[in-house]
Amino acid sequence: MKKKLLSFLAIICSLCVMCGCATEQKDYTEESAAQAADSISVGFSQVGAESDWRSANTDSMKSSLTKENGFDLIFMDGQQKQTKQITAIRSFIQQGVDYIVLAPVCETGWDSVLDEAYEANIPVIIVDRMIQINNDNRYSCFVGSDFYLEGRKACEWLNQYATAYDIAKEDIHIVDIQGTIGSTAQIGRTKGLVESAKKYGWDIREKTSGDFTQAKGREVMAQMLRQYNNINVVYCENDNEALGAIEAIEAAGKHAGSNLKNGDILVLSFDGINETAINYALEGTIACIVECNPLHGPRVRTIIDSLERGENPDKIEYVDETLYSSVNVIKSVTVDGAKYDVTLLTQDVIDSREY
Ligand code: GZL
């Protein structure tokens, strides 16, 4: 963009000088030419606006890639459809942007459009969820979460909970309200649960997609409560689904809480963005939330600045995340020998959070 725009504006400038346009017009054009010449144009294809996490992620990108910071951001909402995201990427290529940032709705189906970006010599940065492509030189960097680790953290919390409260593995009956099928967040979080259930001998009654939305979460939870009479753990793959599940649990005359032995249904969730969900975790209506950090904007800005300097930033960068617990008997979880702190959710913790 800088290259194309610069030559276009240079022509305008010379035309202004040739036809004797007013001085301020020439000055304005020269100034805007200089500003445009310096700004880095970025086309950002976002998944959609399906959840609070997504809104926080969009805000983070928009507040980092600003004109004041030297960027010209073109934002396109994919409405959770890969076809719309591919159209957006092709539009960015036609506009000759300097960089493309993609938050992919799903992992596969990106090879041809990223080949086109590569042939147009436009670097691509993947954020949030990962892609599976034949040639991984089609993207420069990835910044996001390790969703498989998130899933295993949640399950290690559940295993410690069962141990602390003397709950037999045979007495744990789980339903999994999955995220958007085929998204890395869903693939990793589901894999973490399925592997842990096998390891600890837990019963998974059903796995079905809530598409990361509250409405769908409520719908599928109501259907599963009608189908199974012994559900006592609901593994929601994001907070918006958890809010919907809790509505369905309460509508069925049951209670979401942190005392499984007392008949509560334990709700586990991911994200930690939605204010209601966080307050539910404070009071115990949600038993634990695995934080999913949405603040990719500053990291993308750092990556682009590094690439502009001709440097070679890390290909894969995972963001730091904690696990919020409503019960204080669990201080940490260990996954693959690595220890991760668990944060007991208090009002002070909530007040001190970045988002
Ligand atoms: C996670 C992100 C997921 C969130 C959901 O990084 O891809 O998508 O967990 C969002 O809230 O819809």
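Let me begin by describing the structure that accompanies this report.

Thresholds, definitions, all that
- Residues numbered from 1 in each chain as written.
- Predicted model: local features only at pLDDT ≥ 70, side-chain atom pairs only at ≥ 80, totals over all residues.
- Heavy atoms only, no water.
- Pairing = 2+ DSSP bridges.
- Helix = DSSP H or I, 4+ residues; strand = E, 2+ residues; numbered from the N terminus.
- Axes fitted to C-alpha atoms, helices over the stretch in contact; angles between N-to-C directions.
- Contact = heavy atoms within 4.5 Å.
- Core = buried A, V, L, I, M, F, W, Y, C linked by side-chain atoms within 4.5 Å.
- Buried < 20%, exposed > 50% of the residue type's maximum accessible area, 1.4 Å probe, protein only.

## Some points on the sheet that holds strand 13 (residues 332-335)
Working step 1: The strand order 7-6-8-9-10-12-14-13 describes an open sheet built from 8 strands, whose pairing is mixed. What marks the edges here is a single partner per strand, and that holds for strand 7 (203-209) and strand 13. Across this sheet, the average inter-strand angle for adjacent strands is 20 degrees, counted without regard to direction.
Working step 2: Relative to strand 14 (residues 338-344), strand 13 runs antiparallel, the two sharing 4 bridges. Looking at the pairing, valine 333 lines up with tyrosine 340 of strand 14.

## Concerning the sheet that holds strand 11 (residues 316-318)
Working step 1: Pairing is parallel in the open sheet, where 6 strands are placed in the order 2-1-3-4-5-11. The open sheet has two edge strands, strand 2 (71-77) and strand 11, and neither has a second partner. Neighbouring strand axes in the sheet, compared pairwise and without regard to direction, differ in orientation by 15 degrees on average.
Working step 2: For strand 1 (residues 40-46) and strand 2, the ladder comprises 7 bridges, and the chain directions are parallel. Looking at the pairing, isoleucine 40 lines up with phenylalanine 71 of strand 2.
Working step 3: In this fold helix 4 (residues 82-95) packs onto strand 1, strand 2 and strand 3 (99-102), with an angle of close to 170 degrees to the strand it touches most, strand 1.

## A closer look at the nonpolar core
Working step 1: Ranked by internal contacts, the top residues of the largest apolar core, which has 41 residues, are Ile100, Trp110 and Val300.
Working step 2: At the level of elements, strand 1, strand 2, helix 4, strand 3, helix 5 (111-119), strand 4 (124-128), strand 5 (141-144) and helix 11 (297-308) are the ones that each hand at least two residues to this core.
Working step 3: In terms of residue count, helix 4 provides more of this core than any other element does, 5 residues in total.
Working step 4: Of all hydrophobic cores here, the second largest spans 28 residues; its members include Leu225, Ile265, Val267 and Ala281.

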